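Secondary and tertiary structure notes
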Amino acid sequence: MSVKLPGTRWYNAVWRWHFYAALLCVPFVIWLALTGTVYTWKPQIEGWIDRPYDTLSVAPAASVEAQVAAALAAVPGARLHKYELPAGPGHAARVIVSAGKVQTRVYVDPATLRVLKQVGEEERFMRYVFRLHGELMVGNAGSYLVELAACWAIVMILTGLYLWWPRGAVGLGGILYPRLRQGRRLFWRDIHAVSGIWVSLLALGLITTGLPWAKAWGSYFKEVRAVTGTADGPVDWPTGTTPAATPPGERAMLDEHAEHMGMSMAHLAPRPGDLDRVVRTIVPLRIAPPVLVAPPADGAQVWTVTSDADNRPLRTQLTVDGRSGEILSRRDFGQRHWVDRAVGYGIAAHEGALFGIANQLLGTLAALLLVTLAVSGTVLWWRRRPIGLIGAPIPLSRPRFGPVLIGVVALLGILLPLFGASLIAVLAIERLALRRVPPARRWLGLRTA
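Residues numbered from 1 in each chain as written. Predicted model: local features only at pLDDT ≥ 70, side-chain atom pairs only at ≥ 80, totals over all residues. Heavy atoms only, no water.

**Considerations on the nonpolar core**
Core analysis: the largest hydrophobic core is formed by 41 residues, its most contacted members being Trp152, Leu370, Leu416 and Phe419. For this core, the secondary structure elements donating two or more residues are helix H1 (6-40), helix H4 (125-135), helix H5 (140-164), helix H6 (184-210), helix H7 (215-228), helix H10 (338-350), helix H11 (356-384) and helix H13 (417-432). When residues in this core are grouped by element, the largest group, 8 residues, is from H5. Once you skip the residues sitting within four places of it in the chain, leucine 416 turns out to touch Cys151, Ile154, Leu211 and Trp217. (Core = buried A, V, L, I, M, F, W, Y, C linked by side-chain atoms within 4.5 Å. Buried < 20%, exposed > 50% of the residue type's maximum accessible area, 1.4 Å probe, protein only. Helix = DSSP H or I, 4+ residues; strand = E, 2+ residues; numbered from the N terminus. Contact = heavy atoms within 4.5 Å.)

Printed below as a string of structure tokens:
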């Protein structure tokens, strides 16, 4: 009778967790890789979409306030939300106006004041891609699903590295490069293992830098920062579904409150000439585009100027007095809390914006390798699964879990609460339900060999 060594039992247990993590992750990995690749090339795609509005005849421009007035006239009942400076000669001005909870981007020819295009902010192509990538177009519920898949993808990568680790191998074939002429089974095994090792660090980087956007982890991160005293004002990345503009009902309440205080909402509108003064002040500063100018929100005359550059380390924010054009405050990226700077660098790298086209190419390569990893793993599973079974590795006698493993799992559960909760749920369902149902136990391969 053969006896399975503890190392064999442990290897088999890791293989099972790798298999189950992959079952959950593979569809999401392919989806996120494809949508993420599209988003990585956002500057080029948006440049192509907006090309008709950025190749205008260069001519003396009308006043900024005249451009805003043209945009407001095109959307009855709207208010100025933000004005985006033209990025260069021949570029249309983008005026973002809000009517109730709907924000509309209006393209205006600065010279002729002709309205060239109107599009809802959330109806722009790259906004669709953003929501497809991070929310599956279903809001916070999709954000939870994406985060759950990302957490288990970390488990898939870590267990995959353990399985890949060379044990008595001769040469680098199947480790650092695939062996292409030794049969189809070995071909797919090597494609899976080699693409996994080359993409593992990139994939872990992409997953961890994407977590601040997730609804659960992003909210958890904010709470931790509040408790530890590292919070430093509002963050400039959305967590879960982006809140809409002020709903009509709340707008009516604000109007009523303003009238009670002896003023109307119209009195809170910017004074004539203020926006032009603000723009004259900030144009010579050559702030990284796109530059967004937001009107006073509290009845004062303080305007907010923000760089919304994709490369976040280039971002800055200023406040400007509309009456005098004086810069009241300026806060550059380097002045933010080190946690915000670290997250900012990570997000810029995640979006392919940190170091130019090389960053975009590296992100695209990582996405292609992830798709290769997912497809090759699926082919391996399909080719060797028994008919009528899911094909999970057969469990050997239960290995002993040492304190190091327990500590690593506990640490992951603390760092990734959604993973910890889902792991407890999976273990409870397996032990209390699935193992007690013979068809499920057989199909899932839960019966110990």
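So that's the structure; there's more coming.
**A short note on the pairing of strand E7 (residues 316-321)**
Of all 6 residues in E7, 5 are buried; the element is thus mostly enclosed. One ladder, built from 5 bridges, connects strand E6 (residues 302-307) with E7; its direction is antiparallel. For valine 302, the partnering residue across the bridge sits in E7 and is aspartate 321. Taken together, the 5 bridges between E7 and strand E8 (residues 327-332) define a ladder with antiparallel strand orientation. Across the sheet, residue threonine 316 finds its bridge partner in E8, namely aspartate 332. (Pairing = 2+ DSSP bridges.)

**Details of the sheet that holds strand E1 (residues 79-84)**
Reading across the sheet, the 8 strands line up as E4-E3-E2-E1-E5-E6-E7-E8 and stay open at both edges, with antiparallel pairing between neighbours. Of all strands in the sheet, those bounded by a partner on one side alone are strand E4 (115-120) and E8. When the angles between neighbouring strand axes are averaged without regard to direction, this sheet yields 20°. In this fold helix H9 (residues 274-282) packs onto E1, strand E5 (291-294), E6, E7 and E8, with an angle of close to 40° to the strand it touches most, E6. (Axes fitted to C-alpha atoms, helices over the stretch in contact; angles between N-to-C directions.)

**Re unusual backbone geometry**
Of the consecutive residues proline 289 and proline 290, the connecting peptide bond is found in the cis state with omega at -5°. Position of proline 290 among the secondary structure elements: in the loop between H9 and E5. The phi dihedral of methionine 137 falls on the positive side, at around 65°, and the residue is not glycine. Note on placement: methionine 137 falls in the loop between H4 and H5.

**Notes on the side chain of arginine 336**
Here arginine 336 shows up in the loop between E8 and H10. A polar contact of 3.4 Å, which involves the side chain of arginine 336, links it to the side chain of aspartate 236. In contact with arginine 336, other than residues within four places in its own chain, are Asp232, Pro234, Val235, Asp236, Arg331 and Arg341. (Polar contact = N/O pair within 3.5 Å; in protein donor to acceptor, adjacent residues only side chain to side chain.)

**Describing the packing of aromatic side chains**
By the definition in use, this model includes 9 aromatic pairs. Ring plane angle 70° and centroid distance 5.1 Å describe the contact between tryptophan 152 and phenylalanine 419, whose orientation is recorded as edge-to-face. Separated by 267 residues along the polypeptide, tryptophan 152 in helix H5 and phenylalanine 419 in helix H13 bring together distant segments of the chain. Taking relative accessible area as the criterion, tryptophan 152 reaches 6% and is therefore assigned buried. When the centroid spacing of 5.0 Å and the interplanar angle of 20° are considered together, the rings of tryptophan 217 and phenylalanine 221 count as stacked. Of this pair, tryptophan 217 and phenylalanine 221 both sit in helix H7, separated by 4 residues, roughly a single helical turn. For tryptophan 217, a relative accessible area of 14% puts it in the buried group. (Phe/Tyr/Trp six-rings, centres within 6.5 Å; stacked < 30°, edge-to-face > 60°.)

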